[in-house]
Amino acid sequence: MSTTTSYALRDSMTMLRRNLKHAQRYPSLTLSVVVLPVLMLLMFVYVFGAPLGNGIDVPGVGGGGREEYTNYITPGILLMAIATSSIATAVSVCTDMTEGIINRFRTMSISRASVLVGHVLGNVVQTAVSLLLIVCVALAVGFRSNAHVLEWAAVLGLLLFLAFALAWLSAAIGLGSESVETASNAPLPLAFLPFLGSAVVPPDSMPEGIRWFAEYQPFTPITETVRGLLLGTGIGNDAWISLAWLTALTVLGYVWAKASFNRVANR
């Protein structure tokens, strides 16, 4: 490993520790993005679970009321949690840009990329904690999975890959935002995309135009892959499509964020 690479890794780990310490000292945003998906899970299970469960007919999942709908909605809630958590990255990056800390970093002998890498990895760590909490709550309210250890590991890898991709996109959004308020609102479409996929109901139940969008947007194959791994339903080509989408989103987010950061840092 070259000296330059080792310094970049060291600086990235330093920025990761900084990001996690900020999350500990200012937990309000972290708690909001963690608690919201849990509340949504409880709402969908106990408020909408019975009627939606009776109305959904998915092999191996639906058609039996609240218990089956709990199994159906849990994978979708996991994706919603990741999309919601990405908002914190946009806010934290924008805060660094607007409060002038970037000017201080510019005078220090550190890797420029490490600043963004710290934010992205910090979000992935916090998202992992959020996912663990959601799974625990889901198990408590009746979620049951027949997945074995390797399938759970594949689910974790896929979800963290999604968190990594969305964190880069949100970092780019934060860099382009003029205020923290803008940064907190701009990523909201990402948080709503799972609703317009197969997270809550099957796309087949939607009107034609919305159904077409739901079938071809990136969250649907990811949701179906996670659902298939956890519940044993069919996956088909969704796994490969998911990996292709996640790779494309990661590359897009990284290139966009890097270009935006270089433009801001060179002002």
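Keep in mind that this is a model prediction, so the values were computed, not measured.

Summed over the entire model, instances satisfying the criterion amount to seven aromatic pairs. Both rings, one in Phe44 and one in Phe48, keep their centres 5.6 Å apart while their planes meet at 55°; by these two values the pair is tilted. Residues Phe44 and Phe195 carry aromatic rings whose centres are separated by 6.4 Å and whose planes lie at 40° to one another, so their mutual orientation is tilted. Within this pair, whereas Phe44 is found in helix α2 (residues 27–46), its partner Phe195 is found in the loop between α9 (188–192) and α10 (208–216), the two being separated by 151 residues in sequence.

Before going further, it helps to spend a moment on the side chain of Thr250. For Thr250, the location among the structural elements is in helix α12 (residues 238–265). Assessed through its relative accessible area of 13%, Thr250 is described here as buried. In this view, Thr250 contacts Phe161, Phe164, Ala165 and Trp168; residues no more than four positions away in its chain are not counted.

Before going further, it helps to spend a moment on the packing of helix α4 (residues 66–98) against helix α7 (residues 149–176). Packed helix pairs are specified by the crossing angle of their axes together with the interaxial distance, meaning the distance between the axes. Close contact between α4 and α7 brings their axes to 7 Å; oriented N to C, the two are set at 35°. With respect to the hand of their crossing, α4 and α7 are arranged in right-handed fashion. Residues Leu78, Leu79, Ile82, Ala83, Ser86, Ile87, Thr89, Ala90, Val93, Cys94 and Met97 of α4 lie in contact with α7, whose contacting residues are Leu159, Leu162, Ala163, Leu166, Ala167, Ser170, Ala171, Gly174 and Leu175. Among the residues forming the contact of α4 with α7, the class breakdown is 16 nonpolar, four polar and no charged.

On to a nonpolar patch on the surface, then. A cluster of nonpolar residues, Leu31, Val35, Leu39, Leu42, Met43, Tyr46, Val47 and Phe48, forms a patch on the protein surface that exposes about 700 Å² of accessible area. You can see Leu39 is positioned in helix α2.

Under the UniProt annotation, "transmembrane region" (unreviewed entry) lies at residues 26–52, 72–94, 115–140, 152–174, 186–203 and 239–257. Helix makes up 100% of residues 72–94 and strand makes up 0%, while its end C-alpha atoms are separated by 36 Å. In this annotation, residues 186–203 is assigned 28% helix and 0% strand; the end-to-end C-alpha distance for the span is 26 Å.

Turning our eyes to something else, we now look at the environment of Ile241. You can see Ile241 is positioned in helix α12. Ile241 gets classed as partly exposed once you look at its relative accessible area, which sits at 37%. The sequence separation of Ile241 and Ile222 amounts to 19 residues, and the corresponding C-alpha distance is 8.0 Å.

Turning our eyes to something else, we now look at the environment of Ala154. Mapped onto the fold, Ala154 is located in helix α7. For the pair formed by Ala154 and Leu230, sequence separation is 76 residues and the distance between their alpha carbons is 9.7 Å.

Attention now moves to the pattern of salt bridges. All told, the structure shown has one salt bridge when counted by the stated rule. Glu224 serves as the salt-bridge partner of Arg227, at 2.7 Å between the closest nitrogen and oxygen. Here Arg227 pairs with Glu224, and both are found in helix α11 (residues 219–231), just three residues apart, close to one helical turn. Note on Arg227: relative accessible area 1%, which makes it buried.

For the rest of this paragraph, the subject is the confidence of the model for the chain. Looking at the chain as a whole, its pLDDT mean stands at 83, while 87% of the residues score no less than 70. By mean pLDDT, the top-scoring element of the chain is α11 (94), and the lowest-scoring one is helix α5 (residues 101–106) (68).

Okay, the nonpolar core next. By size, the foremost hydrophobic cluster in this structure holds 46 residues, and its most contacted members are Leu41, Ile73, Ile77, Leu159, Leu162, Leu166 and Leu230. Sorting the residues of this core by element identifies α2, α4, α6 (112–140), α7, α9, α11 and α12 as the ones contributing at least two each. Here this core takes 10 residues from α4, the largest share from any one element. Each residue touching Leu230, except ones within four places of it in the same chain, is listed here: Pro75, Leu78, Phe143, Ser145, Asn146, Ala147, Trp152 and Val155. Met15, Val120, Ala171 and Leu175 belong to the second-largest nonpolar core, a separate cluster that totals 13 residues.

Calculation rules
Residues numbered from 1 in each chain as written. Predicted model: local features only at pLDDT ≥ 70, side-chain atom pairs only at ≥ 80, totals over all residues. Heavy atoms only, no water. Phe/Tyr/Trp six-rings, centres within 6.5 Å; stacked < 30°, edge-to-face > 60°. Helix = DSSP H or I, 4+ residues; strand = E, 2+ residues; numbered from the N terminus. Buried < 20%, exposed > 50% of the residue type's maximum accessible area, 1.4 Å probe, protein only. Contact = heavy atoms within 4.5 Å. Axes fitted to C-alpha atoms, helices over the stretch in contact; angles between N-to-C directions. Left-handed = near helix turned anticlockwise from the far one by under 90°. Nonpolar A, V, L, I, M, F, W, Y, C, P; charged D, E, K, R; others polar. Patch = residues over 30% accessible without salt bridge, like charges linked within 9 Å, V, L, I, M, F, W, Y side chains within 5 Å. Areas by Shrake-Rupley, 256 points an atom, 1.4 Å probe, with all protein chains shown as cover. Salt bridge = Lys/Arg side-chain N within 4 Å of Asp/Glu carboxyl O. UniProt positions renumbered as here; feature names shortened; annotations may be inferred. pLDDT = per-residue confidence, 0-100. Core = buried A, V, L, I, M, F, W, Y, C linked by side-chain atoms within 4.5 Å.

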